[in-house]
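Each chain, written out:
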Amino acid sequence: MKINYVILSVLCLPLFAAAQIRPLDTPKVFSETDTAKIYTVGGTRHGVSFFPKVQHPHVQYDVTETITFSKFHSAEVIYAYMKRFAEKYPDLVELYEIGKSYEGRPIIQMTVTNKKTGKATEKPAAFFEGNRHSGEVTSAESVLWLMNHLLTSYGTDPEITKIIDNDAIYLRPINNPDGHNLYMNTAQTNRSTVRPYDQDGDGLLDEDSPVDLNGDGIVLRMRYKDPQGDYVIDPRDESGRLMKFVGAGKGEYKVVSEGLDLDGDGRTGEDGIGGLDLHRNYPENWRPMTEETGKGWTQGGAGEYPLSETETRAVFSFLLTNPNIYIVNSMDTRVPMHLRPPSTSKSEDRMYPEDLKWYKLFDQIGNSLTGYNNAGDVFHDYSNGANQPLFGHGPDFGYFYYGAIWYGDELWDGGRPKEDLNGDGEKDELDQLLWDDRDNDGMGFIEWKEFDHPTLGKVEIGGWDPKFFSQNAPSKHLESWAKNEALFNLAMVKHLPALEWGDYSIKKIKSYKSDSTDYSIKITYRNIGKLPTALRQADLVKIVKPDRFDIEFTGSLATIERGEKPKYTVLDNTLVQPRFRGGGRGFPGAAPAPPSNKYFKEAGYAQGESANTLEFKVRVYGSGSLGVKTTVTTTRAGALKEKEISLID
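All residue numbers refer to position in the chain's written sequence, counted from 1. Local features in this predicted model are restricted to residues of pLDDT 70 or higher, and side-chain atom pairs are both shown and tallied only at a pLDDT of 80 or more, whereas totals for entire chains, interfaces and linings draw on every residue. The side-chain numbers reported here are obtained from all heavy atoms of the structure, hydrogens and water having been left aside.

Peer 1: For the overall build of the protein chain, give the residues involved together with the corresponding values.
Peer 2: The helix and strand inventory of the protein chain stands at 13 helices and 28 strands. Overall, the C-alpha framework of the protein chain stretches about 110 × 65 × 50 Å when taken along its three principal axes. Counting across all 649 residues of the protein chain, residues that qualify as buried make up 53%. Only heavy atoms matter for contacts: two residues are in contact if any of them lie within 4.5 Å across the pair. Contacts spanning at least 24 positions in sequence make up 73% of the contacts within the protein chain whose residues lie at least 6 apart. To be clear on the numbers: accessible area is Shrake-Rupley with a 1.4 Å probe, and residue cover counts the displayed protein chains and nothing else. Surface accessibility of the protein chain: about 29200 Å² in total, with carbon and sulfur atoms responsible for 50%. For the purposes of this entry, the term helix denotes a DSSP run of H or I that reaches at least four residues, the term strand denotes a run of E that reaches at least two, and both are numbered from the N terminus. To sort residues, take the accessible area from a 1.4 Å probe on protein chains only and compare it with the maximum for the residue type: under 20% means buried, over 50% means exposed, and anything in between is partly exposed.

Peer 1: Before we move on, can you summarise the layout of surface pockets with the specific residues and values?
Peer 2: Cavity means a closed set of points on a 1 Å grid over the protein atoms alone, one where a 1.4 Å probe fits but cannot get out, pocket means an open set with protein on both sides within 12 Å along at least 5 of 7 lines, and lining means a residue has an atom within 4 Å of a point. Grid points are joined across faces, edges and corners, and a volume is the space filled by probe spheres set on the points. In this structure, the largest pocket spans a volume of roughly 850 Å³. Pro124, Asn166, Asp167, Ala498 and Leu499 are, among the 32 residues lining the largest pocket, the residues nearest its centre. When residues of the lining of the largest pocket are traced back to their parent elements, those giving at least two are helix 4 (158-166) and strand 28 (639-648). Broken down by element, the residue count for the lining of the largest pocket peaks at five residues, all from helix 4. Under the convention adopted here, Pro, Cys and the residues Ala, Val, Leu, Ile, Met, Phe, Trp and Tyr are nonpolar, Asp, Glu, Lys and Arg are charged, and Gly plus all remaining residues are polar. Split by residue class, the lining of the largest pocket holds twelve nonpolar, nine polar and eleven charged. When its volume is computed, the second largest pocket comes out at roughly 580 Å³.

Peer 1: Requested: an account of the sheet that holds strand 23 (residues 548-554), with residues and values cited.
Peer 2: A sheet is described by the order of its strands in space; here four strands give the open sequence 25-23-27-28, paired in antiparallel fashion. Edge strands, defined here as strands with exactly one partner in the open sheet, are strand 25 (598-602) and strand 28. Across the sheet, the axes of successive neighbouring strands diverge by a mean angle of 20 degrees, strand direction being ignored. DSSP calls a pair of strands paired once it identifies at least 2 bridges connecting them. The sheet contact formed by strand 23 and strand 27 (residues 626-633) spans seven bridges and is antiparallel. Its bridge partner being in strand 27, Phe553 is matched across the sheet by Val628. The angle between two axes is taken between their N-to-C directions and runs from 0 to 180 degrees, where each axis is a line fitted to C-alpha atoms and a helix contributes only its stretch in contact.

Peer 1: Before we move on, can you summarise the side chain of Ser209 with the specific residues and values?
Peer 2: Within the element layout of this structure, Ser209 appears in the loop between helix 5 (177-185) and strand 9 (221-225). Of the residues examined, Ser209 reaches a relative accessible area of 3% and is grouped as buried. In this structure Ser209 touches Phe51, Gln188, Leu262, Gly269, Asp271, Gly272 and Ile273, once residues within four positions along its chain are discounted.

Peer 1: Would you mind going over the nonpolar core in detail, with residue names and values included?
Peer 2: For soluble globular proteins, nonpolar side chains are generally found buried alongside one another. In these notes, a set of buried Ala, Val, Leu, Ile, Met, Phe, Trp, Tyr and Cys residues joined through side-chain atoms within 4.5 Å is what counts as a nonpolar core. In this structure, Leu319 and Ile405 are the most contacted members of the largest nonpolar core, which totals 106 residues. If one sorts the elements of this core by residue count, helix 12 (residues 478-493) sits on top with nine residues. Not counting the four nearest positions on each side in its chain, Leu319 is found in contact with Phe127, Ile325, Val328, Phe397, Tyr402 and Trp406. In this structure, Leu557, Tyr599, Val618 and Val620 belong to the second largest nonpolar core, which totals 28 residues.

Peer 1: Quick one: what's the story with unusual backbone geometry, residue by residue and with numbers?
Peer 2: Trans peptide bonds make up the majority, and among non-glycine residues the majority have a negative phi. In this chain, Val335 is followed by Pro336 through a cis amide linkage whose omega measures -10 degrees. Mapped onto the elements of the fold, Pro336 is located in the loop between strand 14 (332-333) and strand 15 (338-340). Its identity as a non-glycine residue notwithstanding, Asp572 has a phi of 65 degrees, on the positive side. Position of Asp572 relative to the elements: it lies in the loop between strand 24 (568-571) and strand 25.

Peer 1: Which residues make up the packing of helix 2 (residues 75-88) against helix 3 (residues 138-153), and what values go with them?
Peer 2: A pair of packed helices can be characterised by two numbers: the angle between their axes and the separation between those axes. Contact pair helix 2 / helix 3: the axes reach a minimum separation of 12 Å and the direction vectors enclose 20 degrees. Viewed along their axes, helix 2 and helix 3 adopt a mutual orientation that is roughly parallel. Seen along the crossing, helix 2 lies across helix 3 with a hand that is left-handed. Touching Ile78, Met82 and Phe85 of helix 2 are Ala140, Glu141, Leu144, Met147, Asn148 and Leu151, all from helix 3. Residue composition of the contact of helix 2 with helix 3, grouped by class: seven nonpolar, one polar and one charged. Orientation labels follow simple angle bins: below 35 degrees gives roughly parallel, above 145 gives roughly antiparallel, 65 to 115 gives roughly perpendicular, and whatever is left gives oblique. Helix crossings get a hand from a simple test, with the near helix turned counterclockwise from the far one by less than a right angle marking a left-handed crossing and a clockwise turn marking a right-handed one.

Peer 1: Tell me about the sheet that holds strand 8 (residues 168-172), and name the residues and values.
Peer 2: The mixed open sheet is built from six strands, whose spatial order is 5-6-8-7-13-17. Where the open sheet ends on each side, the last strands, each with one partner, are strand 5 (93-100) and strand 17 (405-407). On average, adjacent strands in this sheet sit at an angle of 15 degrees to one another, irrespective of strand direction. Relative to strand 8, strand 6 (residues 106-112) runs antiparallel, the two being bridged by three bridges. Counterpart to Thr111 in the pairing with strand 8 is Tyr170.

Peer 1: I'd like to hear about the confidence of the model for the protein chain, residue by residue, with values.
Peer 2: Confidence in the prediction of the protein chain, expressed as mean pLDDT, is 92, and 93% of residues score 70 or more. Of the regions scoring below 50 in pLDDT, residues 1-15 engages in 13 contacts with residues more than four places distant in sequence or in other chains. For the stretch residues 584-590, pLDDT sits under 50, and the model shows four contacts to residues farther than four places along the chain or on other chains. The predictor's confidence in any single residue is recorded as pLDDT, a number from 0 to 100.

Peer 1: Account for the packing of aromatic side chains, naming residues and giving values.
Peer 2: Two aromatic rings from Phe, Tyr or Trp, using only the six-membered ring of Trp, form a pair when their centres are within 6.5 Å; if the ring planes differ by under 30 degrees the pair is stacked, by over 60 it is edge-to-face, and anything between is tilted. Per the stated rule, a full pass over the model turns up 29 aromatic pairs. Centre to centre, the rings of Tyr399 and Phe400 are 4.9 Å apart; their planes meet at 75 degrees, and the pair counts as edge-to-face. As far as burial versus exposure is concerned, Tyr399 and Phe400 are alike and both buried. Relative to Phe549, the ring of Tyr525 has its centre 5.4 Å away and its plane inclined at 65 degrees; by these criteria the two rings are edge-to-face. One end of the pair, Tyr525, is in strand 22 (residues 516-527); the other, Phe549, is in strand 23, and 24 residues separate them in sequence. Across the pair, exposure class does not vary: Tyr525 and Phe549 are buried alike. Among the aromatic residues, ring-to-ring pairing joins Tyr372, Trp412, Trp435, Phe445, Trp448, Trp464, Phe469 and Trp481 into one connected group. The ring of Phe400 has Arg350 sitting right over it, with the charged end atom 3.8 Å from the ring centre. The positively charged end of Arg548 is found above the aromatic ring belonging to Phe600, 3.9 Å away from the centroid. Sitting over a ring, as applied to charges here, requires NZ of Lys or CZ of Arg to be within 6 Å of the ring centre and within 35 degrees of the ring normal.

Here's what the structure looks like:
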């Protein structure tokens, strides 16, 4: 009998539990901190798990008095600043561990809101996440920039002060601390999680990592002469740095990754640390990495099953247990693009028009703030009209499953040229090189240097810096990219719904000879924010509840004596009483529900900059006082404090 161990593992593993918010403990000492020279990565693999430690010139490894963005920050430095913020702003900041990484590192998150104005869970909220992918560290810097901007502006900037008073902002700079640490402390440039993974399909895990042969702290490219070469030195580049692909056997050089062919397959550095993609591991539209028929869709890097990776579960669990979150941006790098759902179809084919209009508005706002060339959906726009699906993707989960405004923005442009600097009518790699020389102090391209390779003989090592030029903004240009993306996120926050009480009226309709009178009561609340209190998709998937009025009658006429009923009646069933949950209900002989002064009414969803009105009628018997206490509660727009109205004095 064939046993499907994957299915068994899914059934036995509790994929979803309430988000584990834990206080910060004394940090665990990981193996790479035990030595000044060697970094060890967790997991059992067929290749090496230890690498020389390096300190990159683009990275700040020590905490300074003030935060600057002239360099990237190591995880230790980011966490140190977060702890400092928590100590300095105790009324605004909550700092906690929200999960554990594959290697057991804490995933640290911050909530920013004014605690004196209410709990974070009772306010409209946004969630911003960086560094899901190991090497895409510009995203972590954008979250840190926003964190610093919010907290240092509170009390002096009226708009920021209002946001922190009324809303909750959840900030997670590093969702993948294993990958971030490996990237910042070694020459390795792994894709996502560090979990061992067979990237080249040879049945071996992480057996052929790139190697920093010349010890300069970065894995570059190697070029060497070969009769079957497919590259030549680009004749347009007088410096001889750029290589031009001309086809197999037509060139003078081979160009490969710096390293060794450790598994003897003729390729160099093609199966390094990890390779699963945390951004293909969400449950919405998830597809397996392989399937049995050969005819279905598959998705590379998807993991064994949806939410198989603890880092993705740390996002999923937190969001599902905090459904007040309305706006999300889970950021990556290097397109650049404001990237949103859908991931498997065109926007108009699957999204509600009233929801899509908000996404299109944010696309426009984003481009105006960041200057990105593109904004749009994953399926059509990300693939430049080729309609290429991605499965298990965050934006699809964010809208279709979670019913939120969800972006998966890509920061930095890989150094792509914006100008035709040499005047040849093209914006190409040569213009990129000229820009690097002119505006980046030549730090993006590493000069070719000779090296005696143990198997290839004489080679040259050099090329574009894969970490702090190709994959991330050079440190000299970091702040503008981090800041502009953060300002886009802040602009979305400014669209969150916001509630306030509107007018109310009490009108006597009719008096009866039997000493009873009918009254009509109208109570209004307004959504003075721009977004509706919920997207239509959020209602469809029931991630939110309709806006709700809760009413309690007060006064002498509402006093319930033993065995009596209140001296008023709600007419026309306009209000509903909560269900009685006393023991025995529904069985023969069960006690009837006791009289109650509490009622409620669902009010749908208030559109942005509009009002919702509750109208009900009451028949009052005899004389005395009668009033109502009312509140409004919503899932994603917060709640209104209790309002008391006197109907009869």
